[in-house]
Amino acid sequence: VNIKNAAGSATLAVFHGGGGVQLNFNNTNKFVTTNTGAVVTGILTATGSPGAGIGKIIQIVQAFKKDTQLIQSQSFVDLAGLNPSITPEKAGSKIIVHFVINYSATGDAAFQLHRSIAGGSYAELSDYRGDADSNSTNSTRCIVGSSGSGGYEIETASGYILDDPSYSVGQAIAYKFQFCSPYHSTYQIGINRGKDLHNSTYDKRPISYITLMEVES
C-alpha cells in the first residue's frame, strides 16, 4: 500500500504486505522497519524516560581537590577537602561514585571509602574493601610507591563504585576517602604532588576529584 500526498506527486508512506513499513519526509525515506528492528536516516530525537527511567542518571555532583596534601600516618586519616555530597531526588536511587586520585608514595599505602547520611558520622563502607585477614590491611584500593621512585613521579588511582545507600528523600549523602601507610611510620603519601617539591618546571600540580551520580533504580 502506497500513501501519497493530495497532488499525488510525493510518496508519504509505503506498507509492504507481510513486510516492512517505510515512512518518508519530502519524498525521501527517513524510517524503515526490518526483520531485526528499524533503520533511521538522519537524526533521531527521543524525549521522556526510556525504560521507564530505569538506569537513568538523575543528577551529577562533582568536587575537586586542587591543593596538595602530605599524609604520613599508620592509621587512616581523611583526604582533606574532598568530601562531596548529593541529595537524591527520588527514593531507592543508587549512587555511582567515580574517583580519580593523583598521588605519589614512598611505600605501600591504602585508602578506604567512607559515607555519611543526613549529616551523621562517617562510616567505612566495608562492602567495598577486601575480605578480612588477621594481619592484612583491608581497603578499597591499594597504592604502591617506593623510596627509589622518581621525586617528581605522580601516579593515578581511579575507579567506579555503585553504592546502594539506605536514606530518605531530602537527606544528603556525603563521601570521603581515608588514606594510610600502615607498614612503616616513615612512609609518605603525596596527594596532587610528587615526593619532592621545588616549585620548578619539574613539579606537576594535577587535581583529584570525586563525581557522584544518582541513578534511578
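Please read these numbers as outputs of a predicted model, since none were measured by experiment. (Residues numbered from 1 in each chain as written. Predicted model: local features only at pLDDT ≥ 70, side-chain atom pairs only at ≥ 80, totals over all residues. Heavy atoms only, no water.)

1. Regarding the overall build of the protein chain
- Within the protein chain, the secondary structure is distributed over zero helices and 17 strands.
- Computed over the C-alpha atoms, the radius of gyration of the protein chain is 27 Å, more than 25% above the 17 Å expected from 2.2 N^0.38 for a compact globule of 217 residues.
- Along the first, second and third principal axes, the C-alpha set of the protein chain runs to 85 × 45 × 30 Å.
- The buried share of the protein chain, taken over its 217 residues, is 36%.
- For the protein chain, the share of sequence-separated contacts (at least 6 apart) that also reach a separation of at least 24 residues comes to 75%.
- Surface summary for the protein chain: the accessible area is close to 12,300 Å², and the carbon and sulfur share equals 50%. (Helix = DSSP H or I, 4+ residues; strand = E, 2+ residues; numbered from the N terminus. Rg over C-alpha atoms; globule rule 2.2 N^0.38 Å. Buried < 20%, exposed > 50% of the residue type's maximum accessible area, 1.4 Å probe, protein only. Contact = heavy atoms within 4.5 Å. Areas by Shrake-Rupley, 256 points an atom, 1.4 Å probe, with all protein chains shown as cover.)

2. Here's the deal with the confidence of the model for the protein chain
- Of the residues in the protein chain, 92% reach a pLDDT of 70 or more, and the chain-wide mean stands at 87.
- Of all helices and strands in the protein chain, the one with the weakest mean pLDDT is strand S13 (residues 141–143) (78), whereas strand S9 (residues 85–86) scores best (98). (pLDDT = per-residue confidence, 0-100.)

3. Description of the pattern of salt bridges
- Evaluation of the coordinates by the stated rule reveals six salt bridges.
- Ionic pairing is found between Lys65 and Asp67, a salt bridge with its closest N-O pair at 2.9 Å.
- When its relative accessible area of 2% is taken as the criterion, Lys65 is described as buried.
- Note on Asp67: relative accessible area 44%, which makes it partly exposed. (Salt bridge = Lys/Arg side-chain N within 4 Å of Asp/Glu carboxyl O.)

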